[in-house]
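Residues per chain are reported as follows:
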Amino acid sequence: MTSLTTHPAPSRPPQESPGAADRPLPRTTPRRSATVRAKNRFVLLCILPAVVLFLVFMVVPTVNVFRMSLFTWSGFSPDMTFVGLDNFVTLAGDTQFVRAFQNTVLLLVVVTIVTISLGLVLAAVMTRESIRGKAVFRFVFYIPNILSIVVIAAIFSAIYDQENGLVNGTLQALSLEGLQQVWLGDQKLVVYSIGIAMVWQSVGYYMVMYMSSMSAVPESLYEASALDGAGPVRQFFDITLPLIWQNIRTTLTFFIMSAVNLSFVLVTAMTEGGPDGSSEVLLSYMYKQAYTNSSYGYGMSIGVVIFAFSFLVSLLVSRATKREPLQF
Amino acid sequence: MKKLLLTTGVALTSLALLAGCASSGGAESGKETLEVAALEGGYGVEMYTELVAAYEKLNPDIDVVLQTSKSLEDEITPNMKAGRYPDVVVLGQGRAAGLTESLIKDEALEDLTPVLDATVPGESVTVGEKLTAGIVGGLNTNPYGTDETYLMPMFYSPTGLFYDQNLLATHGWTVPTTWDEMFALGDEAEAEGISLFTYPTSGYLDSFFFALLADVGGTDFYTDVMTYDEDVWNTPEADEVLDIATRLLSYAAPTTVGYANEQDFTKNQQSILDGKTIFMPNGTWIVNEMAEAPRTDGFEWGLTPLPAVSEGADRFITTSVESVWVPSAAKNKDAALDFVAYLYSDEAAEIFTGSDAIQPIEGLADTLEGENATFYQVYDEPGVSALLGGFASTAPVEGVDIKGTLFGSADSIISGDRTEAQWQEDISAASEKLRQAGD
């Protein structure tokens, strides 16, 4: 254990590329290289369990998804048939898949924009303005994030209830019966109804993330800008946003990943893709194909599409939002 | 030395981490172990534990490991994918996960025809002799349309239109026997603010459509539809089926589609208990499922087959039959077959009946009491016969879900998002794809 603590930080760089970087060393300084090698071995051994787990549980299954997408297989039978890209050709003509894709894209775009904007505004209000009971608000906004999705589905089933739900009930109390809707039964509305539940679930989490980075912005910047006559809105766009931009970028990528998953869980718990497949999302459709339609290979080809799609969107978002990091 | 210790330590840690993923082996008590997996349905678990105790008493050298769950598929599927199969599985077709169907499609079930000729353990009659005539032989026991039985019928229950006898009586209405009477009742009820029809979720329309297909076109037409006969959905019979269904859906309670989802389907069922809707397709489990729900005074469950197409025409009642099967990959097949035969013993039947689970054993239905007696009486109504089966299994077809197309579209028909013509076209296309896969 001593080898870990006695060596100072500067000796680290050679460790980071253990294979290539320290091989020429033995000829020049044999004694030092021996300790470096021992240390490298120790480090390698330390990361071995993590690497093994990562390979077994992440890399191998992912590679398998790609491989399986080229086969037809029911999931149980011993015979798998190689069909090349047939599954993807079928996908292109599968209207239900296209609808699921559209829903996923819609949720991804709308929910991401709404959640992130709302999270930012709420965080700015909570950090910059003096509001009574700030801690209570922060707690209340954060609660949905720790609730189980099944509980959220039950809550929203009560909110959206067409007869005595919160939304329709409020509209009735306000004599706005004309605006009452069958929130989970209208094929044009149901995706948005799910989107609202997703925003409600995640906005608190992102608010807390933004609050933490906003509170790190030095107060002096705000004071100086206030002297120059900048109001809260100007300060938000010209000081707060640019200074927490790196955080926003990270959370954007993060959110795109989690929105794909969250939409699946919420759809499964709330509508099962109904009415008549109108709220199906990519993951729920993949699940149905792979497990209930016994088309495992086809399901995996949907998995590949999801993988490629989320990867592409994350990449695009990351590229589009790239800015020179600002220091303060 | 230190290095050696370190290496060993790290290696052990990684091993321990991986070992956590492996399963622990079975009990080694010298006895033969029989793994039984059963779906915890509306009948509860108690009857299975009693059954296992009774079986172990009869066969002291067999240790039965019982696994029950409401989502049995989720629990046994991972093990099955890893090659560890239960010996006996009690699980019917028509479940969302479709595990039984998957294994049928894969021809991964053991042929259970010998069980029919086997003597029931502890008795002198064979299983085949005890079973109700005609219960074995349909697509749900002989899924490949051959003489070989792969799924033994476990419990059967009539599915049909459930209603409140008291609601009809207080309004002076009678149960309609023809579709014309049905729609006339719908108009009459509408005038009083009561809807004619609802369904919990569109999936519950399966029994409705099966019976309607047979009512309209007879069992031959029904079989043609179930086996995806060419152009079967473009026949006059199919037109009539969809006409009746579309007309009935136009009488659906306005709240139906909004509640026809996983969270709210009980609210559709509740509308029957509240006296707001007259009929819904369902199964006998509804009594237990809604046992705690509030209801109108004098509420009394009733069950009727679908109305006849014309006066005095044959009517069919879709009978849901849960199945027991043995995976071909099971380890103790002999013990499994013996256990399956035991399920039809008087002793087992008594245990099951105690939980309202009725087996298709000759004469058993006559011994029933209470609501169950009323339900099983539908088979005695004139011109009514039982209808078994479901869609034939084919090789999986990517992206084609005929049940979703046939039943799920009901939501869209009610909301007006799809027309009857589009509906027919979609079903026909799905049926054709499955026919090609079956060839």
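Just so it is clear, the model here is predicted, and its values are computed rather than measured.

Calculation rules
Residues numbered from 1 in each chain as written. Chains lettered and ligands numbered in written order. Predicted model: local features only at pLDDT ≥ 70, side-chain atom pairs only at ≥ 80, totals over all residues. Helix = DSSP H or I, 4+ residues; strand = E, 2+ residues; numbered from the N terminus. Contact = placed C-beta atoms within 7 Å. Rg over C-alpha atoms; globule rule 2.2 N^0.38 Å. Buried ≥ 20, exposed ≤ 12 C-beta atoms within 10 Å, placed from the backbone. Nonpolar A, V, L, I, M, F, W, Y, C, P; charged D, E, K, R; others polar. Domains from an automatic or database assignment. Axes fitted to C-alpha atoms, helices over the stretch in contact; angles between N-to-C directions. Parallel < 35°, antiparallel > 145°, perpendicular 65-115°, else oblique. Left-handed = near helix turned anticlockwise from the far one by under 90°. Pairing = 2+ DSSP bridges. pLDDT = per-residue confidence, 0-100. Expected span 1.5 Å × (residues − 1). Arc of directions from axis to C-beta.

Draft legend 1. Seen up close, the overall build of chain A. Scanning chain A from N- to C-terminus turns up 16 helices and two strands. The long-range fraction of contacts in chain A, counting pairs at least 24 apart against all pairs at least 6 apart in sequence, stands at 69%.

Draft legend 2. Highlighting the overall build of chain B. Regarding its fold elements, chain B presents 18 helices and nine strands. The C-alpha atoms of chain B give a radius of gyration of 24 Å, which matches the 22 Å a tight globule of 439 residues would have. When the 439 residues of chain B are sorted by exposure, 47% land in the buried category. Nonlocal contacts in chain B, meaning residues at least 24 apart in sequence, comprise 76% of its contacts between residues at least 6 apart.

Draft legend 3. Spotlight on the interface of chain B and chain A. Of the residues lining the interface, 35 residues belong to chain B; the matching set on chain A comes to 40 residues. Of all elements in the fold, only helix 1 (2–19), helix 4 (99–105), helix 11 (256–259) and helix 17 (402–415) of chain B reach the threshold of two or more residues within the side of chain B that touches chain A. Grouping the constituent residues of the side of chain B that touches chain A by class yields eleven nonpolar, 15 polar and nine charged.

Draft legend 4. Molecular detail of unusual backbone geometry. All names here are of chain B. The backbone of Tyr 228 sits at a positive phi, close to 60 degrees, despite the residue not being glycine. Among the structural elements, Tyr 228 can be located in the loop between helix 9 (205–226) and helix 10 (236–249). Under the C-beta neighbour-count criterion, Tyr 228 is labelled buried, with 22 such atoms within 10 Å. A positive phi is found at Asp 231, a non-glycine position, where the angle reads about 60 degrees. Within the fold, Asp 231 resides in the loop between helix 9 and helix 10.

Draft legend 5. Broad picture of the environment of Gln96(A). Among the secondary structure elements, Gln96(A) is positioned in helix 7 (residues 95–128). Under the C-beta neighbour-count criterion, Gln96(A) is labelled partly exposed, with 18 such atoms within 10 Å. Sequence-wise, Gln96(A) and Ile159(A) are 63 residues apart; in three dimensions their C-alpha atoms are separated by 28 Å. With residues near it in sequence (within four places) discarded, Gln96(A) still touches Gly277(A), Glu280(A), Tyr285(A) and Gly399(B).

Draft legend 6. View of the domain arrangement of chain B. Residues and elements named next belong to chain B. Under the domain assignment, chain B is made up of domain 1 (32–157 + 320–375) and domain 2 (158–319 + 391–438). Relative placement of domain 1 and domain 2: their C-alpha centres are 28 Å apart. Here the residues of the side of domain 1 that touches domain 2 sort into six nonpolar, six polar and three charged.

Draft legend 7. Representation of the packing of helix 7 of chain A against helix 11 (residues 190–214) of chain A within the structure. Residue and element names in this part refer to chain A. It is at 7 Å that the axes of helix 7 and helix 11 come closest, and there the two elements cross at 40 degrees. The angle between helix 7 and helix 11 places the two elements in the oblique class. The handedness of the crossing between helix 7 and helix 11 comes out as right-handed. Residues of the contact of helix 7 with helix 11, tallied by class, amount to 21 nonpolar, six polar and no charged.

Draft legend 8. Quick peek at the packing of helix 9 of chain B against helix 17 of chain B. Residue and element names in this part refer to chain B. Remark: helix 9 packs on helix 17, axes separated minimally by 10 Å, with the N-to-C direction vectors making an angle of 105 degrees. Overall, the two elements helix 9 and helix 17 adopt an arrangement that is roughly perpendicular. Taken together, the residues of helix 17 that come into contact with helix 9 (itself represented by Leu 205, Asp 206 and Phe 209) are Lys 403, Leu 406, Phe 407 and Ala 410. Classifying every residue of the contact of helix 9 with helix 17 gives five nonpolar, no polar and two charged.

Draft legend 9. Representation of the pairing of strand 1 (residues 32–39) of chain B within the structure. Residue and element names in this part refer to chain B. Of all eight residues making up strand 1, six are buried, and the element is well covered by its neighbours. As paired strands, strand 1 and strand 2 (residues 62–69) are joined by eight bridges and run parallel to one another. Pairing of Leu 39 across the sheet is with Ser 69, part of strand 2. The sheet contact formed by strand 1 and strand 3 (residues 88–90) spans three bridges and is parallel. Opposite Val 36, over in strand 3, you have Val 88 as the bridge partner.

Draft legend 10. Representation of the confidence of the model for chain A in the model. Averaged over every residue, the pLDDT of chain A is 86; residues scoring 70 or more account for 90%. Contacts from residues 1–22 of chain A, a stretch scored under 50 in pLDDT, to residues over four places away or in other chains number 16 contacts.

Draft legend 11. Spatial organisation of helix 8 (residues 179–191) of chain B. Residue and element names in this part refer to chain B. Here helix 8 spans 19 Å end to end across 13 residues, near enough to the 18 Å set by a 1.5 Å rise per residue. All of the buried residues in helix 8 are Trp 179, Met 182, Leu 185, Gly 186 and Ala 189. For helix 8, the angular spread of buried residues about the axis comes to 110 degrees, placing them on one side. Residues of helix 8 that are exposed and angled more than 90 degrees away from the buried face: Asp 187 and Ala 191. Here the buried face of helix 8 lies against strand 5 (195–197), helix 10 and strand 6 (277–283). At the exit of helix 8 stands Gly 193, carrying a positive phi of roughly 80 degrees.

Draft legend 12. A look at the pairing of strand 8 (residues 315–325) of chain B. Residue and element names in this part refer to chain B. Extensive coverage of strand 8 is indicated by the burial of eleven of its eleven residues. With burial as the criterion, each face of strand 8 is covered, one bearing Arg 315, Ile 317, Thr 319, Val 321, Ser 323 and Trp 325 and the other bearing Phe 316, Thr 318, Ser 320, Glu 322 and Val 324. Here strand 3 pairs with strand 8 via two bridges, running antiparallel. By the bridge assignment, Val 89 is partnered in strand 8 with Trp 325.

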